[in-house]
There are 2 protein chains.
Amino acid sequence: MDIKIKTVITGEESFFGPGVYELLKGIEDTGSIQAASAEMRMSYTKCWRIIKRAERETGFAFLTRKKGGKDGGKSELTEEGRVFMQKYIAMDADIKAYADKTFKKYF
Amino acid sequence: MDIKIKTVITGEESFFGPGVYELLKGIEDTGSIQAASAEMRMSYTKCWRIIKRAERETGFAFLTRKKGGKDGGKSELTEEGRVFMQKYIAMDADIKAYADKTFKKYF
C-alpha cells in the first residue's frame, strides 16, 4: 500500500492543481498553448479557460504573448507566473514528503 | 487563497479516499448499503464495487451481513474495517493540518 496526495489551491473556486501546473510547464517547454493543450489531450478552449481562471483568482497574468517577428504568437510565462509555479511545486513536494512519512506511521 | 488536499490510499490501484470513507460512514450510520448509496447519489452496484475493491486490496472484509431476525439484511462494519477508517481519517487530518501550515509558509 502507498499514499497519493492531490494538492489544489483554491480561491473563489479551485484554480491551481497538478493539471494547471503541467499545462503551464508544457507551454513553457513548447512556447505554445496549442502544443501544450494537444500534449495533454485537452481542447485549446478548455486550457485557455483554466489559465484565465488562475489569472482571475491570483490577479496577475501567467502568460505574455509576443506578437510579430520570428517568434510571432509565442506564449511565455511571466515572472510572476513562474514564481507561483515554483512555489506550488515546492509546497506540493514538501506536503508529499510529509504524507509519505505520515502514511508509514499510521499504516 | 487556501489549500485543498485529497488523500488516497493505493494498492494495485487507488482504493481508499474520501468517497469510500464517506460511503462506509453512511453504512455505519444507516446499517444499509442501499440507504448510504442513495445518500451519496451513487448506484448500489457502484458502491458495492468500491467496497469489494477495498476488501480485495486490504485482504479483509469491511462489512458483515446479518441475515434473518429483526435486523435481517443489516450491514455492519467489521472491527478491522472500523480501525482502517479511523487510521485513514486521523492520517488525513494530520496531513491536512501540515498542508495548511505549509501553505501559509509558501504563499
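Above this note sits the structure.
Quick caveat, the model's predicted, so the values are computed rather than measured.

Colleague: Tell me what's going on with helix α3 (residues 44-58) of chain B, and back it up with residues and numbers.
Modeller: Residues and elements named next belong to chain B. End to end, α3 covers 21 Å across 15 residues, agreeing with the expected 21 Å (1.5 Å per residue, within 8%). For α3, the full list of buried residues reads Cys47, Ile50, Ile51, Ala54, Glu55 and Glu57. After α3 finishes, the residue Gly59 shows a positive phi value of roughly 85°.

Colleague: Tell me about the packing of aromatic side chains, and name the residues and values.
Modeller: Inspection of the entire model under this criterion finds 23 aromatic pairs over all chains. Arranged with centres 5.0 Å apart and planes meeting at 55°, the rings of Phe107 of chain A and Phe84 of chain B form a pair that is tilted. Within this pair, whereas Phe107 of chain A is found in the segment after α4 (79-106), its partner Phe84 of chain B is found in helix α4 (residues 79-106), the two belonging to separate chains. Residue Phe107 of chain A is classed as partly exposed on the basis of its relative accessible area of 25%. Aromatic pair Tyr21 of chain B and Tyr88 of chain B: ring centres 5.9 Å apart, planes at 35°, arrangement tilted. Of this pair, Tyr21 of chain B sits in helix α1 (residues 18-30) while Tyr88 of chain B sits in helix α4; the two residues are 67 residues apart in sequence, bridging distant segments of the chain. Among the aromatic side chains, those forming a connected cluster through ring pairs are Phe15, Phe16, Tyr21, Phe60, Phe62, Phe84 and Tyr88 of chain A together with Phe103 and Phe107 of chain B.

Colleague: Tell me about the sheet that holds strand β2 (residues 14-16) of chain B, and name the residues and values.
Modeller: Taking strand neighbours across the sheet as the criterion, the 4 strands line up as β2(A)-β1(A)-β1(B)-β2(B) in an open arrangement whose pairing is antiparallel. Taken across any chain shown, the strands that pair with only one partner, and hence form the sheet edges, are β2 (14-16) of chain A together with β2 of chain B. Averaged over all neighbouring strand pairs, the angle between strand axes comes to 60°, with direction disregarded. In terms of strand pairing, strand β1 (residues 2-10) of chain A meets strand β1 (residues 2-10) of chain B through 9 bridges, oriented antiparallel.

Colleague: So what's going on with the environment of Tyr98 of chain B? Residues and values would help.
Modeller: Mapping Tyr98 of chain B onto the fold places it in helix α4. Residues Tyr98 of chain B and Ser14 of chain B lie 84 residues apart in sequence; the distance between their C-alpha atoms is 23 Å. What Tyr98 of chain B contacts, discounting residues up to four positions off in sequence, is Asp94, Ile95 and Tyr98 of chain A.

Colleague: Please give an account of the interface of chain B and chain A that cites residues and values.
Modeller: For interface size, the figure often reported is the accessible area lost on association. With 26 residues of chain B at the interface, the matching set in chain A holds 26 residues. Surface buried jointly by chain B and chain A totals about 2,500 Å² across both partners, of which 68% is contributed by carbon and sulfur atoms. A per-residue breakdown of the area chain B buries against chain A is headed by Tyr98, Tyr106 and Phe107 of chain B, which together make up 24% of the total. One can count 2 salt bridges joining chain B with chain A. In this structure, Lys105 of chain B and Asp94 of chain A form a salt bridge, with 3.5 Å as the shortest nitrogen-oxygen distance. Across the chain B-chain A interface, the total number found is 11 residue pairs in polar contact (both at pLDDT 80 or more). Among the secondary structure elements, those contributing two or more residues to the side of chain B that touches chain A are β1, β2 and α4 of chain B. Take the side of chain B that touches chain A: its biggest share by element is 13 residues, from α4 of chain B. Class assignment of the residues belonging to the side of chain B that touches chain A gives a composition of 16 nonpolar, 4 polar and 6 charged.

Here is what the cut-offs are and how they apply
- Residues numbered from 1 in each chain as written.
- Chains lettered and ligands numbered in written order.
- Predicted model: local features only at pLDDT ≥ 70, side-chain atom pairs only at ≥ 80, totals over all residues.
- Heavy atoms only, no water.
- Helix = DSSP H or I, 4+ residues; strand = E, 2+ residues; numbered from the N terminus.
- Expected span 1.5 Å × (residues − 1).
- Buried < 20%, exposed > 50% of the residue type's maximum accessible area, 1.4 Å probe, protein only.
- Phe/Tyr/Trp six-rings, centres within 6.5 Å; stacked < 30°, edge-to-face > 60°.
- Pairing = 2+ DSSP bridges.
- Axes fitted to C-alpha atoms, helices over the stretch in contact; angles between N-to-C directions.
- Contact = heavy atoms within 4.5 Å.
- Buried area = accessible area lost by both parts, 1.4 Å probe.
- Salt bridge = Lys/Arg side-chain N within 4 Å of Asp/Glu carboxyl O.
- Polar contact = N/O pair within 3.5 Å; in protein donor to acceptor, adjacent residues only side chain to side chain.
- Nonpolar A, V, L, I, M, F, W, Y, C, P; charged D, E, K, R; others polar.

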